[in-house]
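Next come the chains, spelled out residue by residue.
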Amino acid sequence: MPAADIPPTASPEAAPRTAFVLGGGGKLGGYQVGMLRALFERDIVPDLVFGTSVGALQGALLAKNPTPAVCDQLTELWRELLGRRVMAVTVRGVLTNTFRRHPAFASMDALREVVRPYLGERTRIEDLALPYQCVASSIERAAARYFDSGPLLPAVLASCAIPGLWAPVRIGDEHYVDGGIVETAPVSRAVAYGATTVYVLRMRQRERPLRPARWPWQIGPTVFEISRRHRLAQILSSHPPGVRVHILPSGEAGAESSDVALRAGPREELALNQRRAAAGYRATCEYLDALDQGRSPHFAASANPVARSYLTTTSAKLAPSGAASGRGAVTPFLATKYRTLFGLFDKDQDGLIAEGDWLGAAAEITAAFGHSPDSFRAATLGKAFQESWARLCEAAGTELSAPLDRDTFEEAVAQLVGTPHAYLANFLPMVVAFLTTADTNGTNMLEAEEAQRLLQTFGVAPADALTVTRRVDTNGDGAVSLDELSEAFQDYFTSEERGCAGNMLFGPLPD
């Protein structure tokens, strides 16, 4: 695995760092130009830049020139890209690629010629004014490749290589295609490199409903969209405690209402690009103004439901716990599960859980994985437990020093995690902390042995841990991802289905 693919372990004492994450979206890139202009006007500047696909291209220019002037550079770049029909499919391009046996409809030569003067033929990533990374998809390894050093131009072209439109880009012994296939918005990468505040410049916020394919050639794009949106929801709904993520609105609904036809000429496409930039600027200004005034930012009603849900989740984390609750009476089956969890913490069986009982579990899990008490993983898990205890007490209406009896605990848990939305708002950070602690080999998922050891710290008997691990590993690849772990926890707290995979996370349930 290339060294650039392995993120470092951030130090909890590191100074705050702001990251800009620029997502992909092809010709929708004009929105990002307006978003950047709004950020610079408010003196919000990045310390780190991450990009994928067209966001890799625009992010590279930003990292090279992190000043307001970059917005004018990007505007001029789009004039050339659209004026020279870089993304257009032409008869000549198809014939040329057919002759060269390139699996693509267009040639990347035009893109390279336009981009080269802006990025520089010999520019290296480590020469940029800001730390920068872009992601591409390796065909041979079927994995993400993060470029954080080496020649800039080929790395950006690799990240932009839309399958079918352009041929894969060869770098060394591997071939790369569009980074959006594996990482549509590399938020987790920014967090891994120490970002404490992340501004996500995303596009495609007005997702169209997916429907079963009617024709064979529609199957591939449909499958890709399922994978992309699933991964995007996972990324946007999870990040460690203490990291603030802003999903900036693009204003897409207004700009796209009078979209041009597929056969529009350069002049019409340039006009649309300008409308996109203006929409991104206005929407981001409104978002940032709301933050400055202490109001909760929001998207328009037509915005992407995933992004809307994430903003609501973020607001719930900052609001009183009652705002995130959504359940009244607890069903008997859910009550059984909550009582099992209560028993895990009530080790002395006195019918009470005190703050020390709750926080002590974090120390036990940390020790079970061999981490020192002053390590980054111990600090992350400890902070997650502290925040969850505070929210439990807030939901219960008690002081932090007051113990919780079983009925009070049950009612508080029902408020915090008793619905899927409340679960995302209040407990998902705990799941992220669990994975961070148990992921001893840095793969961002739990190998079978790691998952079994984590389950045993929850109270699952060693003889049952393998069975539970296999049930939680829903795709059968021999490892448990954050998505699979989160689904199991959500099932435990919200599902009425007795056979769901997450019901044994905290040991067997009584009959």
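If you're wondering where the values come from, they're calculated on a predicted model, not measured in any experiment. (Residues numbered from 1 in each chain as written. Predicted model: local features only at pLDDT ≥ 70, side-chain atom pairs only at ≥ 80, totals over all residues. Heavy atoms only, no water.)

1. What about the overall build of the protein?
Consideration 1: When helices and strands are tallied, the protein shows 21 helices and twelve strands.
Consideration 2: By the burial criterion, 50% of the 511 residues in the protein qualify as buried.
Consideration 3: The contacts in the protein between residues at least 6 apart in sequence include a share of 74% that link residues at least 24 apart.
Consideration 4: Entry remark: accessible area of the protein is about 22,800 Å², with carbon and sulfur atoms responsible for 55%. (Helix = DSSP H or I, 4+ residues; strand = E, 2+ residues; numbered from the N terminus. Buried < 20%, exposed > 50% of the residue type's maximum accessible area, 1.4 Å probe, protein only. Contact = heavy atoms within 4.5 Å. Areas by Shrake-Rupley, 256 points an atom, 1.4 Å probe, with all protein chains shown as cover.)

2. Brief notes about the side chain of T494
Consideration 1: The topology assignment puts T494 in helix 21 (residues 482–494).
Consideration 2: Within polar-contact distance, the side chain of T494 engages the backbone oxygen of Q490 at 2.6 Å. (Polar contact = N/O pair within 3.5 Å; in protein donor to acceptor, adjacent residues only side chain to side chain.)

3. Observations concerning unusual backbone geometry
Consideration 1: Phi is positive for D43, close to 60°, though the residue is something other than glycine.
Consideration 2: Position of D43 relative to the elements: it lies in the loop between helix 1 (30–41) and strand 2 (48–52).
Consideration 3: By relative accessible area, which is 66% here, D43 ends up exposed.
Consideration 4: The backbone of S53 sits at a positive phi, close to 55°, despite the residue not being glycine.
Consideration 5: Note on placement: S53 falls in the loop between strand 2 and helix 2 (54–64).
Consideration 6: Taking the relative accessible area as the measure of exposure, S53 reaches 6% and is therefore buried.

4. Notes on helix 18 (residues 428–438)
Consideration 1: In terms of residue burial, helix 18 counts as a mostly covered element, since ten of its eleven residues are buried.
Consideration 2: Listed in full, the buried residues belonging to helix 18 are L428, P429, M430, V431, V432, A433, F434, L435, T437 and A438.

5. Examining the environment of A402
Consideration 1: By secondary structure assignment, the location of A402 is in the loop between helix 15 (376–396) and strand 10 (404–405).
Consideration 2: Linking A402 and E355, residues 47 residues apart in sequence, is a C-alpha distance of 7.6 Å.

6. Description of the packing of helix 13 (residues 332–345) against helix 16 (residues 406–417)
Consideration 1: Interhelical geometry of helix 13 versus helix 16 gives an angle of 115° and a closest axis separation of 10 Å. The handedness of the crossing between helix 13 and helix 16 is right-handed. Residues A335, Y338, R339, L341 and F342 of helix 13 pack against R406, F409, E410, V413 and A414 of helix 16. (Axes fitted to C-alpha atoms, helices over the stretch in contact; angles between N-to-C directions. Left-handed = near helix turned anticlockwise from the far one by under 90°.)

7. Considerations on the packing of aromatic side chains
Consideration 1: One pass over the structure, following the stated rule, counts 17 aromatic pairs.
Consideration 2: With a centroid separation of 6.0 Å and an interplanar angle of 70°, the aromatic rings of F385 and F434 are classed as edge-to-face. Of the two residues, F385 sits in helix 15 while F434 sits in helix 18, which places them 49 residues apart along the sequence. F434 shares its class with F385; the two are buried.
Consideration 3: Seen in terms of ring centroids, F434 and F489 are 5.6 Å apart; in terms of plane orientation they differ by 25°. Their pairing is stacked. Of this pair, F434 sits in helix 18 while F489 sits in helix 21, and the two are 55 residues apart along the sequence. Accessibility classification places F434 together with F489 in one group, the buried group.
Consideration 4: One residue, R189, lies across the ring of Y146, its end atom 3.9 Å from the ring centre.
Consideration 5: Its end group placed over the ring of Y492, K337 keeps NZ or CZ at 5.6 Å from the ring centre. (Phe/Tyr/Trp six-rings, centres within 6.5 Å; stacked < 30°, edge-to-face > 60°. Lys NZ or Arg CZ within 6 Å of the ring centre and 35° of its normal.)

8. Some words on the environment of T408
Consideration 1: With respect to the helices and strands, the residue T408 is situated in helix 16.
Consideration 2: Sequence-wise, T408 and L352 are 56 residues apart; in three dimensions their C-alpha atoms are separated by 9.7 Å.

9. A few points about the nonpolar core
Consideration 1: L111, L119 and Y132 are the most contacted members of the largest nonpolar core, which totals 59 residues.
Consideration 2: Those residues in contact with L119, other than ones at most four positions away along the chain, are L57, A60, L61, K64, L152, L153 and V156.
Consideration 3: Among the nonpolar cores identified, the runner-up in size contains 54 residues, and W358, F409, V432 and F493 belong to it. (Core = buried A, V, L, I, M, F, W, Y, C linked by side-chain atoms within 4.5 Å.)

10. Details of the pattern of salt bridges
Proximity of charged atoms lets side chains of opposite charge pair with each other.
Consideration 1: For the structure shown, the criterion picks out twelve salt bridges.
Consideration 2: The partner of E121 in a salt bridge is R116, and the shortest N-O contact between them spans 2.4 Å.
Consideration 3: The exposure class assigned to E121 is partly exposed, which follows from its relative accessible area of 48%.
Consideration 4: Residues participating in the shared-partner salt-bridge network are E113, R116 and E121. (Salt bridge = Lys/Arg side-chain N within 4 Å of Asp/Glu carboxyl O.)

11. Considerations on the pairing of strand 7 (residues 197–201)
Remember that side chains alternate between the two faces of the sheet whenever the strand is regular.
Consideration 1: By the criterion of burial, strand 7 is predominantly enclosed, with four of the five residues buried.
Consideration 2: Relative to strand 7, strand 1 (residues 18–22) runs parallel, the two sharing five bridges. Paired with V21 across the strands is V200, a residue of strand 7.
Consideration 3: Sheet topology places strand 7 next to strand 8 (residues 244–248); five bridges connect them, and they run parallel. Bridge pairing in strand 8 links V200 to I247. (Pairing = 2+ DSSP bridges.)

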